[in-house]
Structures are given as C-alpha cells and as structure tokens.
Amino acid sequence: MTDTSCSDCPLRAQGGFTQVSAEELAFIERFRRRENKLEAGAAILREGESSELLFTLRAGWAFRYRSLPDGRRQILSFLLPGDFIGLQAELSGQVPHGVETLTPVRLCVFPRNELWDLYRGFPGLAYDLTWLSAHEELIVDENLLSVGRRSAMERIAMLLVHLYKRARSVGEGDEGGVNFPLNQQHIADALGLSLVHTNKSLRRLQAYGLHEMSANRLRILRVEALQRLAEYYALPLRGRPLI
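Cut-offs used in this document
Position numbers for residues count from 1 along each chain, tracking the sequence in the order it is written. Given that this is a predicted model, residues contribute local features only at a pLDDT of at least 70 and side-chain atom pairs are listed and counted only at 80 or more, while totals for whole chains, interfaces and linings are drawn from all residues. Values shown for side chains rest on all heavy atoms present in the structure; no hydrogens or waters enter the calculation. Each residue is assigned to one of three classes by its accessible area relative to the maximum for its type, calculated with a 1.4 Å probe on protein chains only: buried under 20%, partly exposed between the two thresholds, exposed over 50%. Note on conventions: DSSP H or I runs of at least 4 residues are helices, E runs of at least 2 residues are strands, and numbering of each starts at the N terminus. Each direction from the helix axis to a C-beta atom contributes to the arc, which is the arc of those directions. It only takes one pair of heavy atoms within 4.5 Å for two residues to be counted as in contact. Being paired, for any two strands, means DSSP has found at least two bridges between them. Note on geometry: axes are lines fitted to C-alpha atoms, helical ones only across the stretch in contact, with angles between N-to-C directions running from 0 to 180 degrees.

The periodicity of an α-helix, 3.6 residues per turn, causes residues three or four positions apart to be oriented the same way. Taken together, the buried positions of helix α1 (residues 22–31) are E24, L25, F27, I28 and F31. The buried side chains of α1 occupy one side of the element, clustering within an arc of 160° when seen end-on. Set apart from the buried face of α1 by more than 90 degrees, the exposed residues are A22, E23 and R30. The inward-facing, buried residues of α1 contact β8 (105–111), α2 (115–121) and α3 (123–149).

So, about the sheet that holds strand β4 (residues 62–67). Spatially, 4 strands are ordered β2-β7-β4-β5 in an open sheet, and the strand pairing comes out antiparallel. The open sheet has two edge strands with one neighbour each: β2 (43–45) and β5 (73–79). For this sheet, the mean inter-axis angle between neighbouring strands, taken without regard to orientation, is 30°. Where β2 meets strand β7 (residues 98–101), 2 bridges bridge the pair, whose relative direction is antiparallel. When the sheet's bridge partners are listed, A43 is paired in β7 with E100. The sheet strands contacting α3 are β4 and β5, and the helix crosses β5 at an angle near 135°.

This is how it looks when you write it as structure tokens:
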C-alpha cells in the first residue's frame, strides 16, 4: 500500500477542515510514521491494553466503546474521517475504551512518545488537539443527556441529525444522503435502548416521513422537523482541525 503524503491528503481539500501552516504540515509529515489499512470489525485499540500509538482516521467509520464483563456494551461516540484516536490513554498508560472499525478504514499512525514535540514546538497544533478533545467531550455530554432525559424517538432523532451533519461536513455524502454504516445494534448500544425498542422507534420515526434509511445510506428529508423532535439544535460545525 502506498502512503499518501500529508500535503496530498484528500481530507485537507475538504471544506470541513482548517488549514495549517507549511511548517506545521511539515511537522505532521515527520510525526506520521505510516498508514494502516483495516477491514470492518477490526480493533484499532483494545480496552485496558497499553498502546504506543496514536491515530488519525483518514477514511472510513469507527466507534469508541466500553464494555462490561457480561458482554454488554456502551458505544461512547462514532468516529468519522479526521478524528484523532488514542489521546485518552495518555492519562493512565492504558486505553480506557476500545475502538472498533465500522467499515474498512485507513489510519495515519503516530508514535505517542513524540507527542510532546508537538506541544513544545507547535502551540497552534497543541490547541487543535485541545479543541478536538473538548469537542469529543461535548459529544459525550450530548449523548448523556439523550440517555438520561430524551425518549427513545428523541434519542434516535438526535443521533441521526448529529451524524448526518458530521458526515456532510467531511464529504461523506450530498443532498441525496450520506454513508451510514450503523446497524440497529450499534444504535441501541449508543443510546441505551433494547434492540426491540430501537427497531420499533426507527419504524415509527420513518413512518413520519422525516428520513429514509436503507442499504447503509441515510437521507434526511425534513431536518428542521427532526431537530425539533429531538430538541437538538447543533451549532453550525466550524472547520475541524486535522492532525
């Protein structure tokens, strides 16, 4: 597999990402060691294990999760192209969650032990990492509000709007719809619902004519109505940093 240089990265041509200086881009190129390719269902990080690596998701979808000994799983967030993976392990030396691929993915791989070079030499990139971490916390907060207070249909409506807008912002679709590789079990595990309840709520929601979902594709027909149903009015997505 031939690696793509950082300057030729197709994500950097997307309008959803902020630009970096020539010096910052040269550092990112040196910081990056290689590009990995994984199939759907593969582990990027495993719960409780240590990892010497950090990743940027260059292409494809993945998700972060925590699990209980009996196999029950809570999906914490879904990861889309441009997301930075593995920073949380810096706090404890072990990865507190697993990361699994939803689709075939490409990953840019960075050595964790050189992260301080970024902080020492490039404060703008350091701020970008802080922004990415804060944004991840904001997503988890919104998910906690859903699980704690929203009804099943409101939870699903919020998730659909959120992922639809995020996918559009990174070039994952157009007005005709976006790629949507989640199945009903993923939705249930993300929203704290049973599979049966998820299925019934999705069918009721689709009967309202607010969205269409089939063959790994999501099309939202009435985004304002879906937002009102979810009581979820996401702020306009600013350009995201890309490491």
